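Architecture and fold: a report
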Amino acid sequence: METNDNIENENLKDSAPKLFSMSKENPFDVPANYFENLSSEISEKCFHVYHKKHKATYIKILIPASITTMMVFIILFFFTENKTKTNTVKQYAYDENSTLEYLENLINNNELDESVLLSELGNNDSIKSGVQNRQTNINTVSFATNLGATMDSLNNNAISKDDIIQYLMENDESDDLLK
Amino acid sequence: MILQTMEHYSDKELIELFRNGDNRNYAFNLLVNKYQSQVYWHIRRIVIDHDDTNDVVQNTFIKALRYLESFREDAQLYTWLYRIATNESINFLKQKRTKFLIPFVNVEKHLSESLMEDPYFKGDSIQRKLQQAILKLPEKQRIVFNMKYFDGIKYEDMAKILDTSVGALKASYHIAVKKIEKYLTVD
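All values reported here derive from a predicted model rather than from experimental measurement.

A few words on the overall build of chain B. Across its full length, chain B holds 9 helices and 0 strands. Ordered by position from N to C terminus, the α and β elements of chain B give α-α-α-α-α-α-α-α-α. Taking all 187 residues of chain B together, 31% fall into the buried category. Restricting the contact set of chain B to residue pairs at least 6 apart, pairs at least 24 apart contribute 60%.

This is the structure in structure tokens:
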């Protein structure tokens, strides 16, 4: 049975005799053994690209996840660090207040010479300023004032710190101050 | 399971074998072996040069591998592969225009000139003239002519490959035949 395509071809032969008289032999050529090697080349390249794309996808997920995890750890680290510092500061502040109170009691009870206290304060400006600012006890206020005056006189005298410490060690039965 | 030789696998069996998972590589190799020649010559008639054809063929099968898992079996496998091959060939020629900065020069004219120096063209002068006549056709009309005249593909299958109506394809082929005949008869 003639198909539509065959009928059509027959009609075209009449309108294009030169074309349909020509050989349909393939005029193109390929390098030797090209098709024998082609399938293995294609398969190798196909699966290399396939695995590369999947690897790339994997890396695209892994890198942002790693960065996010690192950022979380960094934030947690700094948060924990600040909390520790705050606790340390609070503790230090607690220790400062209790130290001031202790020293005041010693001086009020004449158990501690102000000049010795001044020497021990040394560069500890925070305790020194804490002493100067304490308002709860009149003695403390005058004590702070005397401290300032004593500090000046001490600086003008030739008494060394070592001498005072030595004195303190010989005369102070409790070691609380030196602790 | 005894694996059959390449020739005994239908398209449906190849796809099932591929989707099985265990024989994925083997199934794909069988598919490539089955269609590599058809796909190659279809592309070669479009892009002319052998090395360019080689690149496009590989790109075609890479794409086929990517989408084979989701291939809907409402179309034949070979029409699906031809469709990928045709699109890859057209894209290649578009890139060639951009790459070599030839927007105002007909790329087909460039291909026609390269045909003269092609070491892998074994046809005589009449064959060369026919190929040059085909290269003068508009791009899609050229593809239609090649598929019908050389490959004998049915219009219905061609319609699925090129996503065009049968009527438009018939008209395009008729016009192509007349143009080529005119070119061949002019000295």
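It is worth spelling out the overall build of chain A at this point. Along its length, chain A carries 7 helices and 0 strands. The secondary structure elements of chain A, listed N-terminal to C-terminal, are α-α-α-α-α-α-α. Of the contacts formed within chain A by residues at least 6 apart in sequence, a portion of 65% connects residues at least 24 apart.

Another aspect to go through is the packing of helix H5 (residues 107-116) of chain B against helix H6 (residues 125-135) of chain B. All names here are of chain B. Where H5 meets H6, the axes come as close as 9 Å, and the angle between the chain directions of the two elements is 170°. Taken together, the axes of H5 and H6 lie roughly antiparallel to each other. For the pair H5 and H6, contact is made by Glu108, Leu111, Ser112 and Leu115 and by Arg128, Gln131, Gln132 and Leu135, respectively. By residue class, the composition of the contact of H5 with H6 is 3 nonpolar, 3 polar and 2 charged.

Residue and element names in this part refer to chain B. Where helix H8 (residues 155-162) is concerned, the buried positions are Tyr155, Met158, Ile161 and Leu162. On an axial view of H8, the arc spanned by its buried residues comes to 110°, and they lie on one face. As for H8, its buried residues are in contact with helix H4 (77-99), helix H7 (139-149) and helix H9 (166-185). Positive phi appears at aspartate 163, one or two residues downstream of H8, with a value of about 55°.

What follows covers the nonpolar core. Within soluble globular proteins, side chains that are nonpolar tend to cluster in buried spots. Ranked by internal contacts, the top residues of the largest apolar core, which has 51 residues, are Ile43, Val144 and Met158 of chain B. Ranked by residues supplied to this core, first place goes to helix H2 (residues 24-47) of chain B with 11 residues.

To continue, consider the interface of chain A and chain B. As a measure of interface size, the accessible area lost when the parts come together is often cited. Tallying the contact residues gives 22 residues for chain A and 29 residues for chain B. For the side of chain A that touches chain B, the secondary structure elements donating two or more residues are helix H1 (4-15), helix H2 (17-21) and helix H3 (34-108) of chain A. Of the residues contributing to the side of chain A that touches chain B, the split by class is 14 nonpolar, 3 polar and 5 charged.

With that out of the way, let us pick up the confidence of the model for chain B. Where the model shows low pLDDT, its predicted coordinates should not be examined in detail. On average, chain B scores 88 in pLDDT, and the residues at 70 or more come to 92%. Listed scores for the predicted complex are pTM 0.63 and ipTM 0.83.

Glancing now at unusual backbone geometry. The phi angle of most residues is negative, glycine excepted, and most peptide bonds adopt the trans form. The residue asparagine 33 of chain A is not glycine, and still its phi comes out positive at about 60°. Positionally, asparagine 33 of chain A belongs in the loop between H2 and H3. One non-glycine residue, aspartate 163 of chain B, lies in positive phi territory at about 55°. Position of aspartate 163 of chain B relative to the elements: it lies in the loop between H8 and H9. Judged by the 9 C-beta atoms lying within 10 Å of it, aspartate 163 of chain B falls in the exposed class.

All names here are of chain B. Along the chain, leucine 137 turns up in the loop between H6 and H7. Counting along the chain gives 40 residues from leucine 137 to valine 177, while the straight-line C-alpha distance between them is 10.0 Å. With residues up to four places along the chain from it excluded, the contact list for leucine 137 reads Arg142, Phe145, Ala176 and Lys179.

This paragraph deals with the packing of H7 of chain B against H9 of chain B. Residues and elements named next belong to chain B. Two elements in contact, H7 and H9, have axes separated by 9 Å at closest approach and are oriented at 90°. Considering their axes alone, H7 and H9 lie roughly perpendicular with respect to each other. Contacts between H7 and H9 involve Gln141, Val144, Phe145 and Lys148 from the first element and Leu169, Ser172, Tyr173, Ile175 and Ala176 from the second.

Moving on, we get to the confidence of the model for chain A. Residues and elements named next belong to chain A. Mean pLDDT over chain A works out to 67, with 42% of the residues at or above the 70 mark. Predicted confidence for residues 134-144 stays below pLDDT 50, and this span has 12 contacts to residues more than four positions away or in other chains. Long-range and interchain partners of residues 173-179, a stretch whose pLDDT sits below 50, account for 4 contacts in this model, where long-range means more than four residues apart.

Procedures and definitions
- Residues numbered from 1 in each chain as written.
- Chains lettered and ligands numbered in written order.
- Predicted model: local features only at pLDDT ≥ 70, side-chain atom pairs only at ≥ 80, totals over all residues.
- Helix = DSSP H or I, 4+ residues; strand = E, 2+ residues; numbered from the N terminus.
- Buried ≥ 20, exposed ≤ 12 C-beta atoms within 10 Å, placed from the backbone.
- Contact = placed C-beta atoms within 7 Å.
- Axes fitted to C-alpha atoms, helices over the stretch in contact; angles between N-to-C directions.
- Parallel < 35°, antiparallel > 145°, perpendicular 65-115°, else oblique.
- Nonpolar A, V, L, I, M, F, W, Y, C, P; charged D, E, K, R; others polar.
- Arc of directions from axis to C-beta.
- Core = buried A, V, L, I, M, F, W, Y, C linked by C-beta atoms within 7 Å.
- pLDDT = per-residue confidence, 0-100.

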